[in-house]
Structures are given as structure tokens and as C-alpha cells.
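Structural overview
Below, each chain spelled out in residue letters.
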Amino acid sequence: MKILVINAGSSSLKYQLMDPDTGDVFAKGLCERIGIDGRLTHKVPATGKKVEKDLPMPTHSEAIEAVLGILVDPENGVVASVDEIDAVGHRVLHGGSKFTASCLIDDACKQAIRDCIPLGPLHNPANLMGIEACQTVMPGKPQVAVFDTAFHMTMPPKAYRYAIPDEYYDNDSIRRYGFHGTSHRYIAQRVAELMGRSDLRVINCHLGNGSSLCAIKDGQCQDTSMGLGPLAGVPMGTRAGDVDTTVVQYIMNTYNKSIDEVFTLLNKKSGVYALSGGLSSDFRDLEAGAKDGNEKCKLALEKFSYEVKKYVGAYAAALGGLDVLVFTAGVGENGPATRAAVCDGLEFLGVKLDPEKNAQRGKEMIISAPDSKVTVWVIPTNEELVIAQDTKALSQQ
Ligand code: AMP
């Protein structure tokens, strides 16, 4: 079976054609600059072949046409015809409280995604454009929406409610939703497979350019660090993470800035990027800077690991103990120094790293010492596989 997984942004669209049973990726790539000019990057993992092309992409429909064109291309393609693609799975940012699971796309599902635009104003419209482009270019092909928020819908009210007046929850659905749910769900499933049981207290640290932590009990989300939007939680590449809202009021009043300007500042110009003095949001640059004695880079890295550690402590308390700690995503999978800094001082919780194992990167492995009470794993995340599996399951119903 071949499933096309689509992650559509406002001016970009990522794709993977994959086998939902084996996880094999036949081809993957990226359309960029949609609505501007258009550029396609296409890779075939089996041969290592990479193709880059400038192609006009005035809308997402031309981008999808370009993707299908290269997938069936006699020279660079991996299928003889579009008929070989069984179904399409879409990553959708916000499913509100309505979607606790993935859904086969029909008019009602599309309307529900539209209804969630106020909650995901940047992403949901782009996700819808990707869905509608596929409907135009591949009419009749089953399509499935997989929501970044769905895994978190098992949180209890004490975790998802904000302590603000009821009317904002009742009328406007303002609550914690959380994101990276497809990644956290993959990790929850994979941990159960690797440990041979699912009755576990797990904390997953998804640490990438965007970062979130998730407290998981018996395979279900109990709490997560992002909130109504993805700005909450630990500091990220360019997002501030948790800040006292008084900071917002102060900056607005003192610098005569609008709320949108302050939000741009908190989303795009903050995080480790800001703490490094604007040097970089990339942890590789920060580590190189810290090695050269740059104090701002050192602080950025210290702040990041300190806040992640605090969430680990908080979630261990919320879960009533800890069995498994997982690191995933770009920094979690490839950053031994960050992992060591997060775990340093968590011996009281039963976390003991094996420095030699932790020095490795980019593969599935246990990095805790044999006598560590908590098993610490590095697990490369695979959101596309979850999307492909859900798409297979729902399109066959
Ligand atoms: P993601 O958003 O999951 O793709 O993660 C992207 C981030 O992973 C980048 O911004 C880097 O900071 C980080 N990263 C990738 N490779 C490494 C590495 N070898 N060492 C440290 N950080 C890395």
C-alpha cells in the first residue's frame, strides 16, 4: 500500500510517499515559495537521488500537481501512475476539542477544520488549502485528516482548563490544547512496543525548533506544555515559551507596541535565538558559540535545559513517578549535551545516564545506565508513519 502524506503550510508543502505497514519511504520532498514563484525538492531515499526544480506554483493545486508529476516521472519518479497512490493523509494543526482522533475527510470534517481557524489562524487555512488542492487534483481519492491536537484530548480538566472566568471556556473554547500530538502519540506507542508493556509513566521531550513535553500514563496524554497556541511551555528556537503576561502588558505600554507586534516578538524573535543575542536559533550554532566562550550562547543553552528539567520534575510529580524518559526531534535525537544537561541533577528521580551511550546520536537507543530506575530512551520521531497508518485504517473502512 502507498500513502501520500501531506503537511501543507501557507507557502510550503512537505510530502512523503510511504508504506504504512513497513514505514518504507518511497519518496519525499518539499514545495516552497507557493504563491511566489515555486521550487520543488524531491528525494528518493532508496537511490539517494535528489532533484531540485523551479516550477510555477501560484496555488497549492499547482504544488500538488508538481508533486504528482515528479512521483510518476519516468526518470525520477517512484510510481507508474497516480492510481498506485491508495490514499492521502494530511497533517492538520488544530482540531479543537471536537477531534479526539483522525477523520476521513468529507464536507463536515472540512467545516470542522474551518471552525477551528480562530484557534489555528496560521495553519488551519493552509492545511485546508492542501486538502482542497488534493481534492481538485485527485478527485475521489480517500483523504484523512490527522490532528496535532488529538492525542492531547485525554487530558483531565485540571490540566487543560485555565484559571480564568468560565465564559471564555464556555463561549470561546479557550483551554490548553497542546501540539506535536502526532509525535507524542508515536512515541507513546513506540515506548510500549520497546518496553513490552503500556502501563508506564512516560515523559516525552520533543525538543526541536519547536519544543513540547508530554506526560503520558498508560499510553494516554495527561498533560502537555503547549497551550491554546504553540507559544507556551519551554523556550524554543525563536518562541519565548512561558512568560508572565505582565511582560506583554509592560512591552506594549512602554514601547507603544500593538498586541500583534508583541506576539511577533514572542514567536519569532525570542527563545534561544534572543538569549544568544540574536546569533542563532540552531542548537549546533549555540553549542559552537558556547564552546568558543560566548556567554550568551551558554545562557541560552542553560535556560533551555533548565526549563525542560523543570517540566520533567513537574510531570514526574503529576504522574506520581516516572518509568521512562524519552528524547525526540532534532535536538532530542541529536543533542547529547542538551540531554545530559536536562538529566543532570535528576538522580533523585531515578534518572542516571550512561555518558558513553548518550554520546551517540540520531538512532533509537537506551541512554540510561543499567542501574537507572528510569529508562531513558532516544527515539527518532515519525509523525508521517502515524499519519500513514491512520490514513490506511480510515480509508479502508
Ligand atoms: P526539528 O524542528 O525537530 O527539525 O529540529 C531542528 C533543530 O534540531 C535544529 O534547529 C537544531 O537546533 C537541532 N539539531 C539538529 N541536528 C543537531 C545536532 N547534530 N546537534 C544539536 N542540535 C541539532
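Since we're looking at a predicted model, the values are computed, not measured.

1. Considering the packing of helix α7 (residues 245-255) against helix α8 (residues 259-268)
The contact between α7 and α8 brings their axes to 10 Å, and the two run at 125°. By the angle class used here, α7 and α8 are oblique. Where α7 crosses over α8, the two elements pack in a sense that is right-handed. On the side of α7, the interface is formed by V248, I251 and M252, while α8 contributes I259, V262, L265 and L266. Taken together, the residues of the contact of α7 with α8 sort by class into 7 nonpolar, no polar and no charged.

2. Re the site of the ligand
Surrounding the ligand, one finds G208, N209, D282, F283, R284, A329, G330, V331, N334 and R361. In the environment of the ligand, an oxygen atom lies 2.8 Å from a nitrogen or oxygen atom belonging to the backbone of N209. Here an oxygen atom of the ligand and a backbone polar atom of F283 are 2.6 Å apart. For the ligand, the accessible surface in isolation is 500 Å², of which the surrounding protein chains cover 72%. When residues of the shell around the ligand are traced back to their parent elements, those giving at least two are α10 (283-291) and α12 (329-334). When residues in the shell around the ligand are grouped by element, the largest group, 4 residues, is from α12. Its residues assigned to classes, the shell around the ligand comprises 3 nonpolar, 4 polar and 3 charged.

3. Thoughts on the side chain of D223
Position of D223 among the secondary structure elements: in strand β11 (residues 220-224). For D223, a relative accessible area of 16% puts it in the buried group. Excluding residues within four positions of it along the chain, D223 makes contact with M155, A159, R176, L213, C214, A215 and Y315.

4. Things to note about the state of the cysteines
A covalent bond between the sulfur atoms of two cysteines is referred to as a disulfide. In the structure shown here, the tally under the stated rule is 0 disulfides. We note that C221 lacks a disulfide partner, and the nearest cysteine sulfur, in C214, lies 3.7 Å from it. Between C343, a cysteine without a disulfide, and C205, which holds the nearest cysteine sulfur, the sulfur-to-sulfur distance is 7.7 Å.

5. Comments concerning helix α15 (residues 383-395)
For α15, which comprises 13 residues, the first-to-last C-alpha distance of 18 Å matches the rise-based estimate of 18 Å (1.5 Å per residue) to within 8%. Every buried residue belonging to α15 is among E383, L385, V386, I387, A388, D390, T391, L394 and S395, and all of these are buried.

6. Considering the pattern of salt bridges
Taken as a whole and judged by the stated rule, the model has 22 salt bridges. The residue E307 makes a salt bridge to K310 at a minimum N-O spacing of 3.4 Å. On the criterion of helical spacing, the pair formed by E307 and K310 is a turn pair, its members being 3 residues apart in helix α11 (residues 295-319). Exposure remark for E307: the relative accessible area of 13% places this residue in the buried category. Here D371 ties to K352 by a salt bridge, and the two come within 2.7 Å at their closest N and O atoms. Here D371 is found in the loop between β13 (365-366) and β14 (375-378), whereas its partner K352 is found in the loop between α13 (336-343) and α14 (355-358), with 19 residues between them in sequence. With relative accessibility at 52%, the residue D371 sits in the exposed group. One salt-bridge network, held together by shared partners, links R39, E52 and D54.

7. Side note on the packing of aromatic side chains
Overall, the coordinates contain 4 aromatic pairs when judged by the stated rule. Ring centres of F99 and F147 lie 4.1 Å apart, and the angle between their planes is 15°; this geometry places the pair in the stacked category. Taken together, the residues F99 in the loop between β6 (87-92) and β7 (103-104) and F147 in strand β8 (residues 143-147) connect sequence positions 48 residues apart. Summarising the burial analysis for this pair, F99 and F147 share the class buried. Geometrically, the ring pair formed by Y160 and Y169 is tilted, given 6.1 Å between the ring centres and 35° between the ring planes. A relative accessible area of 14% places Y160 in the buried class. Above the ring of F26, the side-chain terminus of K2 is found at 5.2 Å from the ring centroid. Stacked on the ring of Y177, the Lys or Arg R175 has its end atom at 4.9 Å from the ring centre.

Thresholds applied
Residues numbered from 1 in each chain as written. Predicted model: local features only at pLDDT ≥ 70, side-chain atom pairs only at ≥ 80, totals over all residues. Heavy atoms only, no water. Axes fitted to C-alpha atoms, helices over the stretch in contact; angles between N-to-C directions. Helix = DSSP H or I, 4+ residues; strand = E, 2+ residues; numbered from the N terminus. Parallel < 35°, antiparallel > 145°, perpendicular 65-115°, else oblique. Left-handed = near helix turned anticlockwise from the far one by under 90°. Contact = heavy atoms within 4.5 Å. Nonpolar A, V, L, I, M, F, W, Y, C, P; charged D, E, K, R; others polar. Near = heavy atom within 4 Å. Polar contact = N/O pair within 3.5 Å; in protein donor to acceptor, adjacent residues only side chain to side chain. Areas by Shrake-Rupley, 256 points an atom, 1.4 Å probe, with all protein chains shown as cover. Buried < 20%, exposed > 50% of the residue type's maximum accessible area, 1.4 Å probe, protein only. Disulfide = S-S within 2.5 Å. Expected span 1.5 Å × (residues − 1). Salt bridge = Lys/Arg side-chain N within 4 Å of Asp/Glu carboxyl O. Phe/Tyr/Trp six-rings, centres within 6.5 Å; stacked < 30°, edge-to-face > 60°. Lys NZ or Arg CZ within 6 Å of the ring centre and 35° of its normal.

Keep in mind these numbers describe shape, not what the thing actually does.
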